[in-house]
Amino acid sequence: MPPEALSTSVVPAVLWGLAGLLGLGLTVLAAWLARNRAAVGAVEVFVRRRGAIRVALLVAYVAAAAGVLIGASELPRAPLALDLALGLALVLLSPGFQDSKFGAHGVQRGWHARRFAELEEWRLTGDHLRWKLFGQWVASDLPAERHTAARAKLVAVAADRESRFSH
């Protein structure tokens, strides 16, 4: 089979298949984010860490995508552009592993969110609400001046899970 036949038969199918997988990934991500939004409720404190790294990665992605679109003139444009756009959407919408949210009903750290009633254990310390996730302590940013209101919410649904090392 000559190389040009390969590019006209297999490559478009692979690129469209990749678009399907990326679309499926976006669907799963949307469901995950919706579940997290429901657990956290109205966000009261949101801290996004590593913003400079995230921006650098996005700039690198866009530059690489532009290079691929310009340099790969023999590839079918529609599925290639769709793949690159879907990949960019995945990167943009994904939570950062160090991102922190404190909301009306719960907390989030990175990809994982829990309602206050679901917390394994919790404590308010410094400028954080520390809570256990899969047996490990993680922290959601919460300024000390908000601790009194947060404690009232937490005690109402999970008083028995306040860590004895809370103060």
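Going by the structure above, here's the rest.
Please read all numbers here as calculations on a predicted model, not as lab measurements.

A. Quick look at the overall build of the protein. Counting secondary structure elements, the protein contains four helices and seven strands. When the elements of the protein are put in sequence order from the N terminus, they spell out α-β-α-α-β-β-β-β-β-β-α. For 167 residues, the compact-globule formula gives about 15 Å, and the C-alpha radius of gyration of the protein, at 22 Å, lies well above that figure. Overall, the protein is about 70 × 25 × 25 Å in size when its C-alpha atoms are taken along their principal axes.

B. Here's a closer look at the pairing of strand β3 (residues 106-109). Every second residue of β3 is oriented toward a common face, with G106 and Q108 on one face and V107 and R109 on the other, all of them buried. Linking strand β2 (residues 100-103) back to β3 in an antiparallel pair, the connection comprises two residues. Alignment of β3 against strand β4 (residues 112-115), held across four bridges, turns out to be antiparallel. Considered in β4, the bridge of V107 is made with R114.

C. Broad picture of the sheet that holds β2. The four strands lie next to each other as β1-β2-β3-β4, forming an open sheet whose pairing is antiparallel. Every interior strand has two partners, whereas the edge strands, β1 (43-47) and β4, have only one. Sheet twist, expressed as the average angle between the axes of neighbouring strands with direction ignored, equals 10 degrees. Taken together, the four bridges between β1 and β2 define a ladder with antiparallel strand orientation. Considered in β2, the bridge of V47 is made with S100.

Parameters at a glance
- Residues numbered from 1 in each chain as written.
- Predicted model: local features only at pLDDT ≥ 70, side-chain atom pairs only at ≥ 80, totals over all residues.
- Heavy atoms only, no water.
- Helix = DSSP H or I, 4+ residues; strand = E, 2+ residues; numbered from the N terminus.
- Rg over C-alpha atoms; globule rule 2.2 N^0.38 Å.
- Buried < 20%, exposed > 50% of the residue type's maximum accessible area, 1.4 Å probe, protein only.
- Pairing = 2+ DSSP bridges.
- Axes fitted to C-alpha atoms, helices over the stretch in contact; angles between N-to-C directions.

Everything listed here is a matter of geometry and, on its own, says nothing about what the molecule does.
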